[in-house]
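Observations on the three-dimensional arrangement
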Amino acid sequence: MCSGEEPVSDVVCQEINCGTAVTPAQVPYFGESPSLSQLKSKCFGNESSLSQCTYQEIKESCVDATAVCSHSKPIRLLNGTSRCSGRLEIYHEGEWGTICDDRWGMQEATVACQELDCGTALSVKYKAHFGRGKGQVWLDDLDCTGHEMSIADCPHRGFGEHDCDHNEDASVVCSESIRLVNGTDRCSGRVEVFHNGKWAKICKNWGNKEAAVVCEELDCGSPKAFQESFGDSRLRGYATTCAANASSISQCTFEDHIGSCEGASLSCSGVPSIRLVNGTDRCSGRVEVHNDGQWGTVCDDEWDIRDAQVVCRSVDCGTALTAKSGSYFGQGAGNIWLDDLGCVGNETSLFHCRHPTLGENNCGHAEDAGVVCSADIRLINGTDQCSGRVEFYHLGQWSSASSQNWGTNEAAVVCRMMNCGDPVGVSGSYGRGGQLSWYRISCSGRESSLAQCTMGPYTRSSQDPTEEASVTCSGNVKLSDGHHRCVGRVEFFDKGQWGGVCGESWDPNDANVVCRQLNCGRNHKITTIAEYGHGSGMTWNSQIECNGMESTLSQCTQRPYKDKTCNTTSLAGVVCTGGLEVRLGGGQDECQGRVEVRHGEVWQTVCDTDWNMSKAQVVCERLECGNALSATRGASFGQGIGSVVQADSCFDNVTTLEQCSVKGFGGARCGHDHDAGARCAAPIRLVGGSGQCSGRVEILHKGQWGTVCDDEWELVNADVVCRQLGCGHAVAAPGSAHYGRGTGPIWLDNVECRSEEVALAHCKHPGFGQNNCGHGEDASAICLGSLESPIITFSPATEVKWGDKVEITCTVLTQHLGGTFRLKRTQDSFKLEKFSDHEAAIFSFPHVDFNQSGSYFCEYVKKLPNQNINYPQGRAADLTVTVKLEKPSISLTSAHAMVIFSPDKISVPKGSTFSITCSVHSSYPGGTFYLKESHSNTTHAIPAFDHSVFFMAYFEFPEIDYKNQGVYSCVYAINISSRSFTSDPSKTLQVTVVATSSSVALGVVGGVLVVLLLVLVVVYLLWRRRRMGSDTLVQFINRFGGAIKQDTEDMNSGRGQNAQVKDHGYSRGTEDIDADDDTSVERVSEDFDGRVCYELEPLVLS
């Protein structure tokens, strides 16, 4: 399509559902299509498809039509030194934002430079190299292949999803005026230059000088001796000439070429070389790189397996097995070219990884980095170095293994070659390997290399579905005999076999590396006494020394014990945080933060409804973090991710917590803005002094007492210690083991308190166990004296009803009367203060609601002329505000009688009028009664009306029918503070509808039968009255009117409650009732089932 017709873009954008056409300030470069025929189109703009436009084929050359639609995500560069360098920004939802430099590399830069029509990517920049941006950080963790048309097309977290700030804004430097197109790598291709605002080609008759300028400008070394062709284009051609001092093609002269112009192609030698020196073979050794004509080394700062992976790929040595540090292969000489490398692992050169300026470092050659590569085997596209598609080096080239006959034996050999433990999978989808030679391989499983196995060429036809072989290995570290994969005895795979690790020198740094390698979080606790058994294998007689920053255990220094053998009763073990049932996230350390619980391998947050101190204490106890100081609510440690569970009986104790971790936790409807948290405080003590309020500071962590280093130890730190111990204020903070040297670990160093902390562990510090001290630097504290913590009490109780009056009393035992009591709540900033001349202060809440629920504690401050004496914080106690509804009563009322009675069953003539009454005693205003019928599953609702604290509702049945029969019950519901509460159902009432007497009274025969029936009924009732039977036929008569009164259900006689209501709709005179009947009615009325109370006249039996 030739450009020139604006409606064409509108039609295209609409047809492909990409919005409307827009005109960007800078039109991106979309390439050319020289091999296609050319069409001139005519559209009106109202077409729904491009096929509805008219076309005309033209012979002359034209500019390709392009379209930019409104749904596209344009990018730009700011603050750079040219139009093709700067901070990268992307436009989304009407706002420009930056891109985070996490995983930012040359592939991403290549896409950006191409999208910006800026030629080849020269380098990537990190850490806001071209200044900090503003507004949103739109993209993070980009993972481009280098072939996408735009940055927005690359895989990423999602727009606005990131963990960065503008200090991590990504930048790029592109070659503004030159690019190589259609090459095999970034340093080869057809030469094109940006001249006079357009891209053009350079004609082939150029010289070596011009070619050298291009290679140098692209940081691609020098031109190769042999040059190949990478095709031609129909771009405008120029002849170019460069001066001797030209460093960029833009500094050269350009002239229009007369006549035919074949475009020039160029192949450069590539990026600076890399080599491995002093290793045991070609694929191991000290890493050296070539720059500015000199070989130099790489510093091991931040050197890890990802950096080693790039090295092994660069020297065609397969996969990285280990990244060595500390000049493992001897010290080099000359420059240290690279330091603080931050490779992602998919780069093609170390120079493409994030790093400071070449030659900038703070290292010596004792820190030279090295690698050990797999040499003759590699695993491609796996999730880690121990999984992927199998490729092996055979007859001077890399080849693929066929999946035919591929099984556990062959996979075992590969895992052994990779030093990756045992095979756990022999199939998987790891992509295709391209045009490699294929071999069918057969192994016994005992070979040390695939070269020792039987192999033969495998020819694969185009219809052959056979795939390349793949493998997943266990890795060279595992934890055995624990209850979870992240807990157990440490076993290490080396030299083809598994062995235990000696526990004599095992420390938290070593354990941290194991937990990191197994993706199990961090070290929680180490063991050295064979707590998880001895296993059946050998024990390595080596001392492992990690600094804690390594990514795999094989990167740590391993030295055989000299003149001794490891005591086999001492075996290394570890409990990683990933194997715990609970953890605290988002806090300063592992003992405070957002509560997260584990079910299987899934971590979930906890809803703060019903969250309290006792449940927080269970968490602190399980984590061996001491006592709970607060149970926080409202996502005070930030919002978590994933599902949310209830704070229910799972948190009753450590055992129930462990059981729920296996069986699962109950789901909650909370959002993450209600994530619960906990603050635990490691216990402390003062040792070696004259009493409990002076001495060497020791802190209990993971069940072991340890000391605190005196680096940055000041009076404010000692003051926190004294207050935590209830010893008043600090008067001195000695260092240098003033009260003698301690033993065991040094748990804390560089402690920085602000005086407001309630526990030493809550002060800022590098982390438990992180120190550079000896016990000659143990810190101490001397306190003013013992001070009692204030005590909190609740009246009438700790669990009260909504609307009740509550009094909270703070009491302190002290000689310093006349101070200020403070009532605080752990989950928020609530605070009340009251001065008292006595030992107690009362804080009153006349009518509590749900906002008053929470964990409360007391503080006491005595103000003196020169200082304030802050007493230790009192222990927190929970106040729970609840709504408890009584079970309602259900009773039956005639429409014509002011009488209520409560049978279990009732028979009602069809067509009768009657009502069911629901009633309840409640101290809460309003509410609704629901009458539920179980058979048809119907519910009727009527608002309750009240007589003081007595609420009721009438459910009228004006003319009862068979459809109304069933089993009824009452439920009382109320809404308080936007929360709904429902009572338990009342007892049930079974209503049966029977035919009316009029339906059988037609005719003479019917009349006779009725008379006979009435005679029989009278006789039967007289007999029943004497026998005081349980079935009663009741006729309700009301002559006087009056209020209906509630029957008391629990005063029933206890006999069967079956009654039949017969409403005749007329009144009988008192003269119709003889004295004998009156006496009988009064005698029976106290005992018949469904007892009738509050009669306005006697019942008449018929």
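From a predicted model like this one, the values you see are computed outputs, not experimental measurements. (Residues numbered from 1 in each chain as written. Predicted model: local features only at pLDDT ≥ 70, side-chain atom pairs only at ≥ 80, totals over all residues. Heavy atoms only, no water.)

**Things to note about the overall build of the chain**
- Along the chain, the regular secondary structure elements total 11 helices and 69 strands.
- Here the chain, with 1102 residues, has 48% of them falling under the buried criterion.
- When contacts within the chain are restricted to residue pairs at least 6 apart in sequence, long-range pairs at least 24 apart make up 71% of them.
- About 52000 Å² of surface is accessible on the chain, with carbon and sulfur atoms providing 48% of the total. (Helix = DSSP H or I, 4+ residues; strand = E, 2+ residues; numbered from the N terminus. Buried < 20%, exposed > 50% of the residue type's maximum accessible area, 1.4 Å probe, protein only. Contact = heavy atoms within 4.5 Å. Areas by Shrake-Rupley, 256 points an atom, 1.4 Å probe, with all protein chains shown as cover.)

**Section: the sheet that holds strand β48 (residues 791–795)**
- What the 3 strands build is an open sheet, ordered β48-β50-β53; its pairing is antiparallel. Strand pairing shows two members of the sheet lacking a second neighbour, β48 and β53 (840–845), which therefore form its edges. When strand polarity is set aside, the average angle formed by the axes of neighbouring strands in this sheet is 20 degrees.
- Direction of pairing for β48 relative to strand β50 (residues 806–811): antiparallel, over a ladder of 5 bridges. If you follow Ile791 over to β50, its bridge partner there is Thr811. (Pairing = 2+ DSSP bridges. Axes fitted to C-alpha atoms, helices over the stretch in contact; angles between N-to-C directions.)

**Structural notes on the state of the cysteines**
- Tallied over the entire structure, the rule returns 30 disulfides.
- Covalent S-S linkage joins Cys187 and Cys220, the inter-sulfur distance amounting to 1.9 Å. Taking the torsion about the sulfur-sulfur bond, which here is approximately -75 degrees, the covalent link between Cys187 and Cys220 counts as left-handed. Here Cys220 lies in the loop between α3 (208–217) and β12 (237–241) and Cys187 lies in the loop between β9 (178–181) and β10 (188–195), a separation of 33 residues in the sequence.
- Look at Cys187 and you get buried, because its relative accessible area is 4%. (Disulfide = S-S within 2.5 Å.)

**Here's the deal with helix α7 (residues 613–622)**
- Buried residues dominate α7, accounting for 7 of its 10 residues.
- Positive phi shows up at Glu624, right after α7, with a value of about 55 degrees.

**Here we look at the pairing of strand β20 (residues 370–373)**
- By the bridge criterion, 3 bridges tie strand β16 (residues 284–291) to β20 in an arrangement that is antiparallel. In the sheet register, Arg286 faces β20, and the bridge partner there is Gly370.

**Description of the packing of aromatic side chains**
- Per the counting criterion, the structure on display carries 23 aromatic pairs.
- Where Tyr328 meets Phe329, the ring centres are 5.0 Å apart and the plane angle is 80 degrees; that geometry is what we call edge-to-face.
- Seen from their ring centres, Phe951 and Tyr972 are 6.4 Å apart, and the 35 degrees between their planes marks the pair as tilted. Remark: Tyr972 occurs in strand β65 (residues 966–976) and Phe951 occurs in strand β64 (residues 950–957); sequence separation between them is 21 residues. Exposure class is identical for Phe951 and Tyr972. Each is buried.
- Every member of this aromatic cluster is reached through a ring pair, and the members are Trp611, Phe651 and Phe665.
- The ring of Phe830 carries the charged tip of Arg825 above its face, separated from the ring centre by 4.5 Å.
- The ring centre of Phe850 lies 4.2 Å from the NZ or CZ of Arg979, which sits over that ring. (Phe/Tyr/Trp six-rings, centres within 6.5 Å; stacked < 30°, edge-to-face > 60°. Lys NZ or Arg CZ within 6 Å of the ring centre and 35° of its normal.)

**Section: the pattern of salt bridges**
- A full pass over the atoms with the stated rule returns 44 salt bridges.
- Each of Arg822, Lys824, Lys831, Glu833 and Glu859 takes part in salt bridges that share partners, so that together they form one network. (Salt bridge = Lys/Arg side-chain N within 4 Å of Asp/Glu carboxyl O.)

**Things to note about the side chain of His765**
- One can find His765 in the loop between β46 (746–748) and β47 (780–783).
- Only 3.2 Å separates the side chain of His765 from the backbone oxygen of Ala761, close enough to count as a polar contact.
- Setting aside residues no more than four positions away along its own chain, His765 makes contact with Gln588, Asp589, Leu748, Asp749, Asn750 and Val751. (Polar contact = N/O pair within 3.5 Å; in protein donor to acceptor, adjacent residues only side chain to side chain.)

**Comments concerning unusual backbone geometry**
- Residue Ser795 is joined to Pro796 through a cis peptide bond whose omega torsion reads 15 degrees.
- Here Pro796 shows up in the loop between β48 and β49 (799–801).
- The phi dihedral of Lys495 is positive, around 55 degrees, even though this residue is not glycine.

**Overview of the environment of Pro958**
- Mapping Pro958 onto the fold places it in the loop between β64 and β65.
- Taking the C-alpha atoms as reference points, Pro958 and Ser912, separated by 46 residues in sequence, lie 7.1 Å from one another.
- If we skip the residues at most four places from it in the chain, Pro958 touches Gly911, Ser912 and Thr913.

**A word on the nonpolar core**
- By size, the foremost hydrophobic cluster in this structure holds 51 residues, and its most contacted members are Leu823, Ile916, Phe929 and Leu931.
- Looking at this core element by element, the count peaks at 5 residues for β65. (Core = buried A, V, L, I, M, F, W, Y, C linked by side-chain atoms within 4.5 Å.)

**Re the environment of Ser402**
- Within the secondary structure, Ser402 sits in the loop between β23 (397–401) and α5 (408–417).
- Take Ser402: its relative accessible area is 1%, and that puts it in the buried class.
- In sequence terms Ser402 and Thr459 are 57 residues apart; their C-alpha atoms lie 9.7 Å from each other.
- Discounting residues that sit within four places of it in the chain, Ser402 has contacts with Trp438, Tyr439, Arg440, Tyr458, Thr466, Glu467 and Ala469.
- Of note is the side chain of Ser402, whose polar atom sits 3.1 Å from the backbone nitrogen of Gln404.

**Observations concerning the pairing of β47**
- Pairing geometry for strand β43 (residues 694–701) and β47, over 3 bridges, is antiparallel. Paired with Ser694 across the strands is Ile782, a residue of β47.
- Judged from the 2 bridges that link them, strand β45 (residues 730–732) and β47 form a sheet pairing that is antiparallel. Its bridge partner lying in β47, Ala730 is registered against Cys783.

**Re helix α2 (residues 106–115)**
- The element α2 is largely enclosed, with a buried count of 8 among its 10 residues.
- Listing the buried residues of α2 in full gives Met106, Gln107, Glu108, Ala109, Val111, Ala112, Cys113 and Glu115.
- Where the residues of α2 are buried, they touch β3 (75–79), β4 (85–92), β6 (121–125) and β8 (171–174).
- Asp117 occupies a position one or two residues after α2 and carries a positive phi of about 60 degrees.

**Concerning the environment of Leu885**
- Among the secondary structure elements, Leu885 is positioned in the loop between β56 (877–882) and β57 (889–894).
- We classify Leu885 as buried; its relative accessible area is 19%.
- For the pair Leu885 and Ile974, spaced 89 residues apart in the sequence, the C-alpha separation amounts to 8.9 Å.
- Those residues in contact with Leu885 that lie beyond four places of it in its chain are Tyr924, Tyr972, Ile974, Phe981, Thr982 and Ser983.

These figures capture arrangement, not role.
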